[in-house]
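Coordinates in review
Given next are the chains, with one letter for each unit.
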Amino acid sequence: AQGANQALEDAVSLSYFLSRKPEFSVSQSLILYGQNRRTRVRRVQKAVQANARLYHLANGPTRYITHKVLNVGSRVAPNFLLRQFDWLYNYEFPN
């Protein structure tokens, strides 16, 4: 799911840098686009990898215990896990 989201962000970001920065050439706009996206994409990749390790555990007993802890945690503090991703879902393109 994050891959599709990143593709949409890429399209919007590319459009932004090519159309809203008329003082820059196409090559300058592409450089700015790359610089802008690189940091964010790396952070998203790290978050996706961490989630994969947490939610797709191979060891049955470890997976069971981890998922139980996550289940209880989401009931006790329902917004705690979601708040960790505010940076992802509240993203705004820089000016």
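Small disclaimer: the values here were computed from a predicted structure and weren't measured. (Residues numbered from 1 in each chain as written. Predicted model: local features only at pLDDT ≥ 70, side-chain atom pairs only at ≥ 80, totals over all residues. Heavy atoms only, no water.)

What to know about the packing of aromatic side chains
Short version of the rule: Planes of paired rings set the category: under 30 degrees apart is stacked, over 60 is edge-to-face and the rest tilted, where pairs are Phe, Tyr or Trp rings (Trp by its six-membered ring) whose centres lie within 6.5 Å. Geometrically, a lysine NZ or arginine CZ counts as sitting over a ring once it is within 6 Å of the ring centre and also within 35 degrees of the ring normal.
In the structure shown here, the tally under the stated rule is one aromatic pair. Aromatic pair Y16 and F17: ring centres 5.0 Å apart, planes at 85°, arrangement edge-to-face. Between R40 and the ring centre of Y91, over which it is positioned, the NZ or CZ distance is 3.8 Å. Across from the ring centre of W87, 3.9 Å away, lies the NZ or CZ of R43, which sits over that ring.

Quick look at the pattern of salt bridges
Spelled out, the test is: For salt bridges, the criterion is a side-chain nitrogen of Lys or Arg within 4 Å of an Asp or Glu carboxyl oxygen. To qualify as a helix, a DSSP run of H or I must reach at least 4 residues; to qualify as a strand, a run of E must reach at least 2; elements of each kind are numbered from the N terminus. When accessible area is computed with a 1.4 Å probe and restricted to protein chains, residues below 20% of their type maximum are described as buried, those above 50% as exposed, and intermediate ones as partly exposed.
Inspection of the entire model under this criterion finds three salt bridges. For R40, the salt bridge is made with E9, and the minimal N-O distance between the two is 2.7 Å. Here the residue R40 occupies a position in helix α2 (residues 26-55), and E9 occupies one in helix α1 (residues 2-19), the gap between them amounting to 31 residues. When the shortest N-O distance is used, the salt bridge between R37 and D10 registers 2.7 Å. Here R37, found in helix α2, pairs with D10, found in helix α1; they are 27 residues apart in sequence, far enough to count as distant. On the accessibility criterion, R37 (3% relative accessible area) is buried.

What about the packing of α1 against α2?
Threshold: In this analysis an axis means a line fitted to C-alpha atoms, helices contributing only their contacting stretch, and an angle means the value between N-to-C directions, from 0 to 180 degrees. Working definition: roughly parallel below 35 degrees, roughly antiparallel above 145 degrees, roughly perpendicular at 65 to 115 degrees, and oblique for all remaining angles. Take the far helix as the reference: if the near one is turned anticlockwise from it by less than a right angle, the crossing is left-handed, and if turned clockwise, right-handed. Here a residue-residue contact requires only that any non-hydrogen atoms of the pair lie within 4.5 Å. Residues are grouped as follows: Ala, Val, Leu, Ile, Met, Phe, Trp, Tyr, Cys and Pro are nonpolar; Asp, Glu, Lys and Arg are charged; every other residue, Gly included, is polar.
Relative orientation of the contacting elements α1 and α2 amounts to 160°, with a least axis distance of 9 Å. Classified by the angle their axes make, α1 and α2 are roughly antiparallel. Judged by the twist between their axes, the crossing of α1 over α2 is right-handed. Here Q2, Q6, E9, D10, S13, L14, F17 and L18 of α1 lie close against α2, whose contacting residues are V26, S29, L30, L32, Y33, N36, R37, R40, V41, V44 and V48. Across the contact of α1 with α2, the residue classes break down as ten nonpolar, five polar and four charged.

Some points on the side chain of Q6
Counting through the fold element by element, Q6 comes out in helix α1. When residues no more than four places from it in sequence are discounted, the contact partners of Q6 are R37, V41, V44 and L88.

With respect to the side chain of S29
Rule in force here: N or O atoms within 3.5 Å of each other form a polar contact, as long as, within protein, one can give a hydrogen and the other can take it, and as long as residues adjacent in sequence are counted only when both atoms are side-chain atoms.
Inspection of the secondary structure puts S29 in helix α2. Reaching out from S29, the side chain makes a polar contact with the backbone oxygen of F17 at a distance of 3.0 Å.

Some details on the environment of F17
Along the chain, F17 turns up in helix α1. The sequence separation of F17 and T62 amounts to 45 residues, and the corresponding C-alpha distance is 46 Å. Non-local contacts of F17, meaning those with residues more than four positions away in its chain, are made with S29, L32, Y33 and N36.

Geometric values such as these leave the question of function open.
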